[in-house]
Amino acid sequence: MNQHTDGLTKKRVIALLLLVSCITSILILVYTFDADKRQLQSFGKADSLIVNTLQEFNIDREQMQVSEHRVDSNLVRKTYTIHVPPRFSKTLLHAELNRIFHPFSVKAPARILLPEQRMDIHLLYDGTVFRTLSLRTDEDLILERDIASILVAFDEAPSDELVKSVIRFGEPIPIALRVTGPGQARERMISIKPIYPHICYWFEPAGEQNTDLQTALPTVSFLQDAPRGASVLQFQDRLPGFADPLITVASQKNITFLDVSDAMILSADLGETVFKQELDKFANRARRQQHPVAIVMAGKQPLEWLREKLISFKKSGLYLAYPPQTNY
């Protein structure tokens with residue numbers, strides 16, 4: 001009898017604990033929902049987020065007009081008409097608004113209107129449009145771009161995963177293959193060229209480690225056997241006088257030299273903090289119109305760190321281009 005009673009008692013305790021757990025879960029869900037709902041009902045908060053985001057993209061208040069339309073007694077819909085210069089990345093702004101408003105359960109569908117080059121981004125909450133951003137291209141506006149160059153260098157044959165990581169940046173970021181000879185260059189190029197056209201060569205003679213990069217010049221034999229039209233890194237301000245044979249071969253084979261004489265070399269060995277600090281210096285040089293060049297040694301972590309910083313740089317006007325090029 002006692003065993004039967006003990007069994008019932010244990011079952012009741014378990015049932016009670018389950019009940020308490022369920023009630024607690026329900027309260028947490030209700031509280032969370034109410035907290036989110038209160039935030040979302042503050043459309044003034046949405047206006048602050050919109051204006052702050054536009055300012056991060058270097059859009060001044062003079063470039064926007066705000067109009068209001070009363071839908072009913074509870075909702076005043078606002079439309080932001082925003083004038084942006086040609087080549088301004090409307091898709092990047094759209095992606096950033098999506099990222100910012102997603103935690104508030106706000107959807108941000110967009111519609112592109114051609115040939116006006118106009119994008120309308122609607123902010124919806126509970127199926128209701130409460131804000132619209134109408135991005136319109138204004139040919140009279142000048143896009144202030146901070147031009148910079150980034151290359152991703154591979155010491156070894158690159159893996160498909162890392163090559164795809166570079167492709168996902170969606171930017172003209174050359175892959176620099178660090179090679180000791182033309183045979184190695186062709187071998188490594190074969191697997192990449194079909195899926196990514198931006199390839200260049202960092203020539204380093206076998207057995208040498210050019211820590212100062214001052215002797216990292218291709219040889220005549222390397223250029224003679226290199227693929228026609230190849231791009232080669234040039235780590236010196238100018239080719240020395242003895243390079244006349246190099247210039248002759250480069251001209252014959254349409255070789256392009258990429259000027260990386262002042263490049264920053266960034267690798268995982270720096271650690272995340274220093275790596276990102278160096279990238280901040282890189283961006284500051286771009287803002288001073290110095291066209292900086294950074295060579296990022298390939299790896300999962302460095303590419304992730306680069307991606308994190310590049311988003312904020314691009315919002316503030318950083319524009320990635322190829323390094324300065326020379327054809328002899």
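Just so we're clear, the structure is a prediction, and the values are computed from it rather than from any experiment.

A separate point is the environment of aspartate 259. For aspartate 259, the position within the fold is in strand β10 (residues 256-259). The sequence separation of aspartate 259 and leucine 233 amounts to 26 residues, and the corresponding C-alpha distance is 6.4 Å. The contacts of aspartate 259, once residues within four sequence positions are left out, are Gln234, Gln236, Val293, Pro323 and Pro324.

Turning our attention to the side chain of lysine 309. Among the secondary structure elements, lysine 309 is positioned in helix α9 (residues 300-315). Relative accessible area serves as the criterion here: at 17%, lysine 309 is assigned to the buried category. The contacts of lysine 309, once residues within four sequence positions are left out, are Lys276, Leu279 and Asp280.

Now for the sheet that holds strand β1 (residues 64-72). Hydrogen bonds along the backbone pair up the strands of a sheet, which may run parallel or antiparallel. Pairing is mixed across the open sheet formed by five strands, whose spatial order is β1-β2-β5-β4-β3. Every interior strand has two partners, whereas the edge strands, β1 and β3 (110-113), have only one. Averaged over neighbouring strand pairs, the angle between their axes works out to 15° when direction is ignored. With eight bridges joining them, strand β4 (residues 118-125) and strand β5 (residues 128-137) adopt antiparallel strand pairing. Within β5, the position partnered with arginine 118 by the bridge is arginine 136. Across the sheet, helix α2 (residues 43-56) touches β1, β2 (75-84), β4 and β5, and the angle it forms with β5 is around 20°. Taken strand by strand, helix α3 (residues 90-101) contacts β2, β3, β4 and β5, and its axis lies near 5° from that of β4.

A few words on the packing of aromatic side chains. Counting across every chain of the model gives four aromatic pairs. Taking NZ or CZ as reference, arginine 145 lies 4.0 Å from the ring centre of tyrosine 319, over its face.

Thresholds, definitions, all that
Residues numbered from 1 in each chain as written. Predicted model: local features only at pLDDT ≥ 70, side-chain atom pairs only at ≥ 80, totals over all residues. Heavy atoms only, no water. Helix = DSSP H or I, 4+ residues; strand = E, 2+ residues; numbered from the N terminus. Contact = heavy atoms within 4.5 Å. Buried < 20%, exposed > 50% of the residue type's maximum accessible area, 1.4 Å probe, protein only. Pairing = 2+ DSSP bridges. Axes fitted to C-alpha atoms, helices over the stretch in contact; angles between N-to-C directions. Phe/Tyr/Trp six-rings, centres within 6.5 Å; stacked < 30°, edge-to-face > 60°. Lys NZ or Arg CZ within 6 Å of the ring centre and 35° of its normal.

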